[in-house]
Amino acid sequence: MNIKALPLRQKFFTTNLAILLFFMGTGVLFAYFRFFHGFGSVTNLNPAYPFGLWIAFDVACGVALAAGGFTTAAIVEIFGREKYHALVRPAILTTFIGYFLVGLAVFFDLGKYYNIWHALIYWNGTSVLFEVAWCVMLYLTVLGIENLPNVVEQFKGNVQLPGSLSALNKPTDWVLGKADWFCRKTMAFFVIAGVVLSFGHQSSLGTMMLIAPYKLHELWYTPLSPLLFLTSAVAVGPSMVIFEGTLAAKFFGRKPETELLGSFARFIPIFLGVYLLLRLGDLAYRGVLAQAFDGSVAGNSFLLEFALFAVPYFLLKRRSVRMHGSKLFLCALSVICAVVLNRFNVFLIGVDMAPGFNYFPSVGEFAITFAFLAFGVLLYKIGVNYLPILEAEEHH
């Protein structure tokens, strides 16, 4: 039986909210110095390490970890697995928040942040980042439209603006009615567009470091990098849905959806198997697999990354693991950590920069990153509290 999604309407001002606001306030303080006193006042970036924590985590990891939306939409809406329909709305909301934060992070990353709009009018068809910029902008627009039915469902026919704003009730309701008609007529197109755009920029982020063969370690420098970035993002998509669903149930006091999430986890070994086969085949073909065992920092980091991918691949084949809430969560977390470490390896750990330079993120870099995460959690809290995102629980 289908159960209608409803806003949670839980108490909003809690201790958890105070913690989120603390991290966001700290980030705002460091953001002031970043924008008015330059990178040097906040970061430990230098000429040899221009890609720091903000690029490696806030952008590269952020894009990958926001893959839950397009993978879930593809599985449910394109391949017709309607039994997982309850996972679509929270996945799409989380993806929208993730891409919004990625755009905000790019604003911080750019030296001349006030030129962020240049990609709109200064076209460079030979630039990978130009393609990424346009795909992200278009996909963020698509995600906004995919989330529009939630707003329409909640407020259509129920617009009650207070005081003098009440004159806008009927016009607003008319706009919502038109938006409802637009979404019903065009949503299939936007679902497909979202998947296509995601394939574009997820793979193109892997293309970016191909311009530096003399800097990136051979364990990660490969012509297959675009395909590896794409397949790892597809694999982490369902893992993020499980991770978010488990935490949402925990913090919002809801019944865990272990059976539904465990069934959804059946797709993870399939996606991981494709990735691991490509990864091992590429290393063996290029004859560089032995470098993983040379005892270096890069080699050890690769082994840890590979283990984080391989362990859940084998474990999630077992139904007893998928239907055990804690084990399922830990397997999903392992895939997430594997993708995060992979992006760090490509953009930081595996990069051999000029001698005499070292890099470790500063307090300011960590503070702004934690502020992004806190802001994302706050937006999710607002979304599920006031919009029909999570399905209502049955009460017996």
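Residues numbered from 1 in each chain as written. Predicted model: local features only at pLDDT ≥ 70, side-chain atom pairs only at ≥ 80, totals over all residues. Heavy atoms only, no water.

Engineer: Teacher, can you tell me more about the packing of aromatic side chains here?
Structural biologist: Aromatic ring pairs are described here by two measures, namely the spacing of the ring centres and the angle between the planes. Under the criterion given, the structure shown has 38 aromatic pairs. Between the aromatic rings of F35 and F107, the centroid separation amounts to 5.5 Å while the plane-to-plane angle is 45 degrees, which identifies the pairing as tilted. Residue F35 is found in helix α1 (residues 15-37), and its partner F107 is found in helix α4 (residues 88-109); the two are separated by 72 residues along the sequence. For F35, a relative accessible area of 19% puts it in the buried group. With a relative accessible area of 29%, F107 lands in the partly exposed category. In this structure, R34 is placed above the aromatic ring of F39, and the distance from its NZ or CZ to the ring centre is 4.2 Å. Lying across the ring of F12, K381 places its NZ or CZ 5.4 Å from the centre. (Phe/Tyr/Trp six-rings, centres within 6.5 Å; stacked < 30°, edge-to-face > 60°. Helix = DSSP H or I, 4+ residues; strand = E, 2+ residues; numbered from the N terminus. Buried < 20%, exposed > 50% of the residue type's maximum accessible area, 1.4 Å probe, protein only. Lys NZ or Arg CZ within 6 Å of the ring centre and 35° of its normal.)

Engineer: Is there a simple way to explain α1 in this structure?
Structural biologist: Each α-helix turn comprises 3.6 residues. Residues three or four places apart therefore point the same way. For α1, which comprises 23 residues, the first-to-last C-alpha distance of 33 Å matches the rise-based estimate of 33 Å (1.5 Å per residue) to within 8%. For α1, the complete set of buried residues consists of L17, L20, M24, G27, A31, R34 and F35. Residues of α1 that are buried make contact with α2 (53-65), α4 and α13 (363-386). Following α1 by one or two positions, G38 has its phi on the positive side, about 90 degrees. (Expected span 1.5 Å × (residues − 1). Contact = heavy atoms within 4.5 Å.)

Engineer: Any chance you could explain the packing of helix α5 (residues 128-155) against helix α6 (residues 169-207) here in plain terms?
Structural biologist: Describing two packed helices takes the angle between their axes plus the distance from one axis to the other. At a minimum axis distance of 7 Å, the contact between α5 and α6 shows a crossing angle of 150 degrees. Relative to α6, the element α5 is oriented roughly antiparallel. The way α5 lies across α6 gives a crossing that is left-handed. Residue composition of the contact of α5 with α6, by class: 22 nonpolar, 6 polar and 4 charged. (Axes fitted to C-alpha atoms, helices over the stretch in contact; angles between N-to-C directions. Parallel < 35°, antiparallel > 145°, perpendicular 65-115°, else oblique. Left-handed = near helix turned anticlockwise from the far one by under 90°. Nonpolar A, V, L, I, M, F, W, Y, C, P; charged D, E, K, R; others polar.)

Engineer: Hey, could you run me through the nonpolar core in this one?
Structural biologist: In summary, soluble globular proteins display a tendency toward joint burial of nonpolar side chains. Counting 98 residues, the largest nonpolar core has Y84, V236 and F347 as its most contacted members. With 12 residues, helix α12 (residues 325-349) is the largest single contributor of residues to this core. Core analysis: the second largest hydrophobic core is formed by 11 residues, I97, V384, L387 and I389 among them. (Core = buried A, V, L, I, M, F, W, Y, C linked by side-chain atoms within 4.5 Å.)

Engineer: Any chance you could explain the side chain of N169 here in plain terms?
Structural biologist: Relative to the helices and strands, N169 resides in helix α6. Overall, N169 belongs to the buried group, its relative accessible area being 18%.

Engineer: How should I be thinking about unusual backbone geometry in this particular structure?
Structural biologist: Leave glycine aside and you will find that most residues have negative phi; peptide bonds, for their part, are mostly trans. Even without a glycine there, the phi angle at R9 is positive, about 55 degrees. Relative to the elements of secondary structure, R9 occurs in the segment before α1.

Engineer: What should I look at first to understand the pattern of salt bridges in this one?
Structural biologist: It is possible for side chains bearing opposite charge to pair when their charged atoms get close. Throughout the structure, instances matching the rule amount to 5 salt bridges. D180 is the partner of K156 in a salt bridge, and the nearest nitrogen-oxygen pair spans 2.9 Å. With a gap of 24 residues between them, K156 in the loop between α5 and α6 and D180 in helix α6 connect regions that are remote in the sequence. Three or more residues joined by partner-sharing salt bridges are found here, namely K156, D180 and R184. (Salt bridge = Lys/Arg side-chain N within 4 Å of Asp/Glu carboxyl O.)

Nothing here speaks to function; it is geometry throughout.
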